[in-house]
Amino acid sequence: MSKRILSTFILTISLILLSISPIVAQNQRVMVKIDRADYLRHDDKIGKNTQSLNGNVVLSHHNTVLHCDSAYMYNDSNVVVAYGNIHLYGDRLTYYGDRQFAKIRENVRANKGETWLYTEFLDFDQVENIAFFYDGGKVVNGSNTLTSQRGLYYPNTNDVYFKDDVVGISRQATMYSDTMRFNTQTEVSTILGPTTIINQDSSIINSENGWYDTKKDVAKLLLNNKITTKNYTLTGETILYEKYKGVGTVWNNMVLTDTVDNMSLCGDYGFYNELTDEALATRRATGIHVYNGDTLHIHADTLRVEPLPADTSRLIKAYYQVKFYRHDIQGRCDSLVFDFRDSIATMYNSPIVWAMGNQLSGNVIKLYSRNQVLYKTELIDAAFAISPEQVPAAKGDSLMTIGYNQIKGKLMTGHIRNNDLYKIDVDGNGQTIYYPKDDQTLIGINRAESSDMTIWLKERKITNITMRVSPSGNMNPPLLLGEEDRKLSGFRWLDDYRPKRWEDIYKQLDIPEELNVQEEVYEGYTFDELGE
């Protein structure tokens, strides 16, 4: 950390600009004064009213003191050209007394406290207290080294502006930019144009506006921001990146992309911890997963990624008003957990899934995947599966619904192959209503009950039922059964509440209370317990 820096700007090897005196009225001319010289002579060969000074030359003007080996003083124009051992670390200096302006050339070095400026071309405006460098310059400040083609140094505020081909090297990172401001006291770099910061671990920060604290290793990014790590990218309108903690906090339009699993976490507020692999998104939180050209969108009040202790795997938790959409499966619930260890998604609190022509519901639903393909589902407690029975309409090619095939039980397991439900096992209180056909002709409505049963399906139609433990059933002509007799207790057809396109997951469409069923107690893991 820099020591307390003097308020004066010292160009040390012999031009010492101590401080700025009050500005003299423009009509009052102050001449450069000769304080010392070993030899002094008038030299009209160089110019009219010109003096040549040699040996231990000391000149002063206002509060500026100039030391050098030799100089020419042009009295008419109040200009001094100094050479040799200039106390500014430069080979040649021209000082314009009337303007209080100095030009230093070749091997220039200037410092204020522990901050050093190196260049070949430096102009110093003593009135404004600004130093200009061009054609390349370097500033060294403690552990920070910054270079650029052009720059401005403001000693009063400790600010250095760098322009064109800016490179900043600190202990933790290297910065590349078009335009940047660096404060030599706070060691904060202000991003004023397209900037890339490469950290020691090879993570990359991109931004066009903001700041980076080189001491604290903290950045705040305000325009066109992106953070890239080995497996993730993070973007957002505003990002506070606390690199020393590994945390990036985002406000507005957050997108965290897992480049390995091709998944994204979005929201208007959230964070990602690259050290723990934990992440959160809220305020229009959305998860997106792309696989084999198919895209799953999931929306909830909050989405959270939680690493599992002593494991390389993780959980994704979605809670409050969860809805998801993929072209072949849609669903909604109050909370959901996806466990990467076994690729199981567990849905809690009034879950409903629409897939393979069926509406599936229960107190808890589990979806089992293998290689990201659904192969089994479990409906736990108050399990209910419904699919519409449709026949060709009297006119045209459309279909009309004449009823609903229904399966109900305590526990229901659906087996899936090639994205088709081909077998359902019902354990406990099994009931079914279905519409058998003979060569596309409806022959009746079958109602069957058994404690346990297995239903076989082909092309999403029931082809066979195996009933075990106290089976019973009957076949009825459709005309003999009233509307309510065609429905099992707890029947709810909720297709109006299904997301029919991915944008529908954001619709606030609540299921009416009268359509909700009384939930039984689920004895498995609860949402909050899972993963603890």
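Residues numbered from 1 in each chain as written. Predicted model: local features only at pLDDT ≥ 70, side-chain atom pairs only at ≥ 80, totals over all residues. Heavy atoms only, no water.

A. Layout of the overall build of the protein. Within the protein one finds zero helices and 42 strands. Considering the protein as a whole, with its 532 residues, one finds that 49% of them fall into the buried category. Summarising the internal contacts of the protein: among those between residues at least 6 apart in sequence, 40% fall at separations of at least 24. Taken as a whole, the protein presents about 26,200 Å² of accessible surface, with 48% of it coming from carbon and sulfur. (Helix = DSSP H or I, 4+ residues; strand = E, 2+ residues; numbered from the N terminus. Buried < 20%, exposed > 50% of the residue type's maximum accessible area, 1.4 Å probe, protein only. Contact = heavy atoms within 4.5 Å. Areas by Shrake-Rupley, 256 points an atom, 1.4 Å probe, with all protein chains shown as cover.)

B. Highlighting the packing of aromatic side chains. Under the defined criterion, the tally for this structure stands at 12 aromatic pairs. Measuring from ring centre to ring centre gives 5.1 Å for Tyr 404 and Trp 493, while their planes differ by 45°; the resulting arrangement is tilted. Of this pair, Tyr 404 sits in strand S36 (residues 399-417) while Trp 493 is found in the segment after strand S42 (472-476), placing the two residues 89 residues apart along the sequence. The positively charged end of Arg 370 is found above the aromatic ring belonging to Tyr 375, 3.9 Å away from the centroid. The ring centre of Tyr 368 lies 4.4 Å from the NZ or CZ of Lys 376, which sits over that ring. (Phe/Tyr/Trp six-rings, centres within 6.5 Å; stacked < 30°, edge-to-face > 60°. Lys NZ or Arg CZ within 6 Å of the ring centre and 35° of its normal.)

C. The environment of Ala 71, seen in detail. Relative to the helices and strands, Ala 71 is located in strand S6 (residues 64-74). Here the alpha-carbon distance between Ala 71 and Val 81, two residues 10 residues apart in the chain, equals 5.4 Å.

D. Structural context of the pairing of strand S11 (residues 130-133). Bridge analysis of strand S10 (residues 115-125) against S11 gives four bridges, and the strand direction is antiparallel. Bridged to Asp 125 within S11 is Ile 130. As paired elements, S11 and strand S14 (residues 150-154) share three bridges and run antiparallel to each other. Residue Ala 131 lies in a different strand from S14, and its bridge partner there is Tyr 153. (Pairing = 2+ DSSP bridges.)

E. Spatial organisation of the pattern of salt bridges. Under the defined criterion, the tally for this structure stands at 20 salt bridges. Shared partners join several salt bridges into a network, and the residues in it are Glu 278, Arg 304, Glu 306 and Lys 317. (Salt bridge = Lys/Arg side-chain N within 4 Å of Asp/Glu carboxyl O.)

F. Spatial organisation of the side chain of Asp 125. Relative to the elements of secondary structure, Asp 125 occurs in strand S10. For Asp 125, a relative accessible area of 16% corresponds to the buried category. Here the side chain of Asp 125 touches Glu 128 through a polar contact of 3.1 Å, landing on its backbone nitrogen. (Polar contact = N/O pair within 3.5 Å; in protein donor to acceptor, adjacent residues only side chain to side chain.)

G. Focus on the environment of Gly 473. You can see Gly 473 is positioned in strand S42. The class of Gly 473 is exposed, set by a relative accessible area of 54%. Not counting chain neighbours up to four residues away, the residues in contact with Gly 473 comprise Arg 447 and Ala 448.

H. Layout of the environment of Tyr 241. Within the secondary structure layout, Tyr 241 lies in strand S24 (residues 238-242). Taking C-alpha positions, Tyr 241 is 5.1 Å from Ala 219, a pair spaced 22 residues apart along the chain. With residues near it in sequence (within four places) discarded, Tyr 241 still touches Asn 199, Ser 203, Ile 205, Asp 217, Val 218, Ala 219, Ile 227, Val 247, Gly 248 and Glu 274.

I. Structural context of the pairing of strand S12 (residues 137-141). Where burial is concerned, the two faces of S12 differ: the one with Gly 137, Val 139 and Asn 141 is buried and the one with Lys 138 and Val 140 is not. In terms of strand pairing, S10 meets S12 through five bridges, oriented antiparallel. When the bridges of S12 are listed, Leu 117 appears paired with Val 139. When S12 meets strand S13 (residues 144-148), the two strands line up antiparallel, connected through five bridges. For Lys 138, the partnering residue across the bridge sits in S13 and is Thr 147. Adjacent in sequence and paired antiparallel, S12 and S13 are bridged by two residues, among which Gly 142 carries a positive phi angle near 60°.

J. Structural detail: unusual backbone geometry. Backbone geometry places Asn 224, a non-glycine residue, at a positive phi of 50°. Given the relative accessible area of 52%, Asn 224 is considered exposed.

K. The side chain of Thr 119, seen in detail. Turning to its location among the elements, Thr 119 is positioned in strand S10. Within polar-contact distance, the side chain of Thr 119 engages the backbone nitrogen of Phe 121 at 3.3 Å. Setting aside its immediate chain neighbours within four residues, Thr 119 contacts Asn 107, Val 108, Phe 133, Tyr 134, Gly 136 and Gly 137.

L. Quick look at the confidence of the model for the protein. Mean pLDDT over the protein works out to 84, with 88% of the residues at or above the 70 mark. Overall, residues 1-26 carries pLDDT values under 50, and its contacts beyond four positions in sequence, including any with other chains, amount to 89 contacts. (pLDDT = per-residue confidence, 0-100.)

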